[in-house]
Amino acid sequence: MCAITLCGCSPDKKAVNVYLPGDIVSPADRSTTTQESAVYPDVWNPGGTSSSSTSSSSAASTPTEPAEPIDPIENYRGKWYYFVRNAKRKRVYERLYYAAANNIEDVNVEDIQVTAQDVYTAFWAFDYENPQFLRLGSGYEITYVENRVSNKIKSVKILYGRDAGETNQAAFEARAETVLDAARELDTDYERLKYVHDWLVNNVTYTKGDDPSLREADGAIVNGQAVCEGYAKAFMYFAQKLGYQCICSVGVANLEDHMWNMVKIGSSWYNVDVTWDDPDDTKNIIDGVSNLRHDYFLINDAELRLDHRVVRPVMLPNAPKGFFPYGYNPDNSNVSASPAGVTLTDN
């Protein structure tokens, strides 16, 4: 057996889950020949779809009732990392998803005939875009068919970071819904995402330690404490529940392992680093005024890479544009002088 685990957030580390350059997956991992790729090039349809049937006495199609709406966060086939996997890795991802949803540890993949690299990219793709599973903080373990020399994997064991009884899914979802309800009342994509970004900054304290919840969405949303992975997964949870594609991205910032987000608005992707927008001090409200920042909110790749280095275990979307709603853009021309009634202008 071979165990693969996260680079845990130790007290002297600010972030986790970093891949070495040797683990980079080439663009060949994207498959355009499978049926899933053809059907789900950019699927994000939480409202469900209408199906049709043909009457035996008529050639005309009669629409049926719409399918039961799919919660956006459960629509894994519409998520970025799933889509860019090849057919085998999609199947591993699907089984991991089913296992996590049903608190199953052992996942048999022998019939798929995958290698360790297939499992590696499938597992992290699954982990980095499914924040609703609160127990995934310890990586996975693989068992080979016959022996490691064969390089064929028999099974994958999810090494859950916590027992099922240690997480309160209902309390987590209830707490998150209070934030989401307020965000849904807002008029624009920018305002909704900014609301959850700001809520996290104002309600979460960056906290190092060994508690697994610090690296999951419930640590931030329920307990108000997290490291960068917890911030990123909490923002991803909020964004996906609001209907936006959102993933985690990993790399290095200030020579430390780090995690942040990419979120899609309309046809464009943007970078968001909630952790780095959280002030260094623990008091985020001073004299009734928030001192949070938006330096890393909806920025482009060029801005991000001034101080972040992406280390890609899986293919990421490009974010060539950024939102500059407070009057600044690269050409120094005004977009909007006031945050109120912001007009979202792509630059």
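What comes next concerns the included structure. Computed from a predicted model, the values in this text were never measured in an experiment.

Let us look at a negative patch on the surface. A cluster of acidic side chains, namely E105, D106, D163, E166, D210 and D211, defines a negative patch on the protein surface. Within the secondary structure, D210 is located in the loop between β7 (205-206) and α7 (217-223).

Here helix α4 (residues 116-127) spans 16 Å end to end across 12 residues, near enough to the 16 Å set by a 1.5 Å rise per residue. Counting buried positions along α4 yields 10 of 12 residues, so the element is predominantly enclosed. Turning to α4, its buried residues number three or more, namely D118, V119, Y120, T121, A122, F123, W124, A125, F126 and D127.

Helix α8 (residues 228-241) packs onto helix α6 (residues 189-203) with a crossing angle of 150° between their chain directions and a minimal axis gap of 10 Å. In terms of their interaxial angle, α6 and α8 are classed as roughly antiparallel. Crossing of α6 over α8 shows right-handed handedness. In this structure, α6 contributes L193, V196, H197, W199 and L200 to the contact, and α8 contributes Y231, A234, F235, F238 and A239. A breakdown of the residues in the contact of α6 with α8 according to their chemical character gives 9 nonpolar, 1 polar and no charged.

What follows concerns helix α3 (residues 87-101). With 15 residues, α3 should reach 21 Å at 1.5 Å per residue; the first-to-last C-alpha distance of 21 Å fits that figure. Within the span of α3, buried status applies to R89, K90, V92, Y93, E94, L96, Y97, A99 and A100. Its side-chain oxygen 3.3 Å from the backbone nitrogen of K88, N86 forms the N-cap of α3.

Glancing now at the sheet that holds strand β11 (residues 268-272). Pairing in this open sheet of 5 strands is antiparallel, and the strands run β14-β11-β10-β9-β15 from one edge to the other. Edge positions in the sheet fall to β14 (297-299) and β15 (308-310), since each has one partner strand and no second. Strand-to-strand twist of the sheet, defined as the mean angle between neighbouring strand axes without regard to direction, takes the value 45°. Summarising the sheet, β11 and β14 pair through 2 bridges and their orientation is antiparallel.

Attention now goes to the pairing of strand β9 (residues 246-253). Burial analysis of β9 places 8 of its 8 residues in the buried class, which makes it a mostly covered element. Burial along β9 is two-sided: C246, C248, V250 and V252 and I247, S249, G251 and A253, pointing in opposite directions, are all buried. As defined by bridge partners, β9 adjoins strand β10 (residues 256-265) across 8 bridges and the pair is classed as antiparallel. Bridge pairing in β10 places V250 opposite M259. Of the strand pairs in this sheet, β9 and β15 are connected by 3 bridges, and their pairing is antiparallel. When the bridges of β15 are listed, A253 appears paired with H308.

The next thing to look at is the pattern of salt bridges. Note that side chains of opposite charge can pair when their charged atoms are close. Under the defined criterion, the tally for this structure stands at 13 salt bridges. E177 serves as the salt-bridge partner of R184, at 3.1 Å between the closest nitrogen and oxygen. Counted as one network, the salt bridges with shared partners bring together D127, E216, E229 and K233.

Right, let's get into the packing of aromatic side chains. Ring pairs (aromatic) are described by centroid distance and by the angle formed between their planes. Here the structure, examined in full by the defined rule, presents 21 aromatic pairs. Consider the rings of W80 and W269, whose centres lie 5.9 Å apart with planes at 70°: the pair is edge-to-face. One end of the pair, W80, is in helix α2 (residues 80-83); the other, W269, is in strand β11, with 189 residues separating them in the sequence. Relative accessible area serves as the criterion here: at 14%, W80 is assigned to the buried category.

Looking at the element boundaries, T167 is found in the loop between β6 (153-158) and α5 (169-184). On the accessibility criterion, T167 (15% relative accessible area) is buried. Within the structure, the side chain of T167 is placed 3.3 Å from the backbone oxygen of A164, a separation counted as a polar contact. Ignoring anything within four residues of it in the chain, the contact list for T167 reads L134, R135, R162 and D218.

About the thresholds
- Residues numbered from 1 in each chain as written.
- Predicted model: local features only at pLDDT ≥ 70, side-chain atom pairs only at ≥ 80, totals over all residues.
- Heavy atoms only, no water.
- Patch = residues over 30% accessible without salt bridge, like charges linked within 9 Å, V, L, I, M, F, W, Y side chains within 5 Å.
- Areas by Shrake-Rupley, 256 points an atom, 1.4 Å probe, with all protein chains shown as cover.
- Salt bridge = Lys/Arg side-chain N within 4 Å of Asp/Glu carboxyl O.
- Lys, Arg positive; Asp, Glu negative; His and termini not counted.
- Charge placed at Lys NZ, Arg CZ, Asp CG, Glu CD.
- Helix = DSSP H or I, 4+ residues; strand = E, 2+ residues; numbered from the N terminus.
- Expected span 1.5 Å × (residues − 1).
- Buried < 20%, exposed > 50% of the residue type's maximum accessible area, 1.4 Å probe, protein only.
- Axes fitted to C-alpha atoms, helices over the stretch in contact; angles between N-to-C directions.
- Parallel < 35°, antiparallel > 145°, perpendicular 65-115°, else oblique.
- Left-handed = near helix turned anticlockwise from the far one by under 90°.
- Contact = heavy atoms within 4.5 Å.
- Nonpolar A, V, L, I, M, F, W, Y, C, P; charged D, E, K, R; others polar.
- Polar contact = N/O pair within 3.5 Å; in protein donor to acceptor, adjacent residues only side chain to side chain.
- Pairing = 2+ DSSP bridges.
- Phe/Tyr/Trp six-rings, centres within 6.5 Å; stacked < 30°, edge-to-face > 60°.

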